[in-house]
Amino acid sequence: MNKTRQEHLKRAAEQIRKAKEREVVKEKEYYEKITSGTRWMIYKVFTFFCVLLAVLTTIDTFTDGKVVRLSPEQFRFDRSLGALNHQSIWVNENDLFLVHFRDLQGMNLETFEVTESFIFEDNKYLSFLQEYEDSVTPMTRTRIYVPKRISIYDWFPLTQVFLLVPLLVLLFKRQKPWFNFAQMACFILLFPGSLVLLYSLVF
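Computed from a predicted model, the values in this text were never measured in an experiment.

Structural notes on the layout of surface pockets
Empty space among the atoms becomes visible once a probe the size of a water molecule is rolled across them.
Item 1. Roughly 560 Å³ of volume is contained in the largest pocket.
Item 2. In this structure, the largest pocket is lined by 27 residues; those nearest its centre are Ile150, Ile152, Leu197, Ser200 and Leu201.
Item 3. Counting residues per element, the ones that place at least two in the lining of the largest pocket are strand E4 (95-100), helix H3 (152-155), helix H4 (158-171) and helix H5 (177-202).
Item 4. Here the lining of the largest pocket is built from residues that sort into 15 nonpolar, 7 polar and 5 charged.

Remarks on the side chain of Gln160
Item 1. If you trace the backbone, Gln160 turns up in helix H4.
Item 2. Given a relative accessible area of 6%, Gln160 falls into the buried group.
Item 3. Setting aside its immediate chain neighbours within four residues, Gln160 contacts Ala54, Thr57, Thr58 and Thr61.

A closer look at unusual backbone geometry
Excluding glycine, residues mostly carry a negative phi; peptide bonds, for their part, are mostly trans.
Item 1. For the peptide bond that leads from Phe156 to Pro157, omega is 0°, which places it in the cis range.
Item 2. Among the secondary structure elements, Pro157 is positioned in the loop between H3 and H4.
Item 3. Phi at Asn92 is positive, roughly 55°, even though this residue is not glycine.
Item 4. Mapping Asn92 onto the fold places it in the loop between strand E3 (86-91) and E4.
Item 5. Relative accessible area serves as the criterion here: at 37%, Asn92 is assigned to the partly exposed category.
Item 6. With a phi close to 65°, Glu93 is a non-glycine residue in the positive phi region.
Item 7. Topologically, Glu93 is positioned in the loop between E3 and E4.

So, how was this worked out
Residue positions are given per chain, counting from 1 as you read along its sequence in written order. For a predicted model such as this one, the threshold for reporting local features is a pLDDT of at least 70, and the threshold for listing and counting side-chain atom pairs is 80 or more; totals across whole chains, interfaces and linings nevertheless cover every residue. As a rule here, side-chain values come from all non-hydrogen atoms in the structure, and water together with hydrogens is ignored. A 1.4 Å probe that fits but cannot get out identifies a cavity on a 1 Å grid over protein atoms alone, an open set with protein on both sides within 12 Å along at least five of seven lines counts as a pocket, and a residue lines either if it has an atom within 4 Å of a point. Grid points are joined across faces, edges and corners, and a volume is the space filled by probe spheres set on the points. Runs of H or I in DSSP of at least four residues are treated as helices and runs of E of at least two as strands, each being numbered from the N terminus. By the convention adopted, Pro, Cys, Tyr, Trp, Phe, Met, Ile, Leu, Val and Ala count as nonpolar, Lys, Arg, Asp and Glu as charged, and the other residues, Gly among them, as polar. Burial classes: relative accessible area under 20% of the type maximum marks a residue as buried, over 50% as exposed, and values in between as partly exposed (1.4 Å probe, protein chains only). Should any heavy atoms of two residues lie within 4.5 Å, those residues are counted as being in contact.

Here's what the structure looks like:
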């Protein structure tokens, strides 16, 4: 190999080394940028918000609030959903409950109640008395409880796991591609989703 060829390979190797060094510097600068300043402060504030919301929704999942008696005007039966072996009941036109057909026998419409959550006062359960009597069995009354569908109480603990993802990203931050992706996912999906969740619980 002649001297000119060796010098050419040496310059090429030096250019590659410098390019790699520049890339490392750029990655470090970008990492410092996304873990400092206003953006990082906003991330930490939203992380605290998500953790607080996870704690509150967990408490609400396991703690019941007050029980409210429903008037006939506050609920309606609906078969348009076509739920297999279940009757759809809407409460206040917003909350869906699915009652199994076996629980419809002896249903006392005057005993309809909803149990609210402790903190957000969101409807958790629909309950009613099921009455049964025959020639052998005296009148028995059993209160049937039906959980609300499409709610955080239906999705526990998945809701809490997603709400804690920003905290895990914060605790295990690294100058790695996964960290950049995870932080961006929090900004695009999880933080807006937590606001939508809060809105659905409050209003």
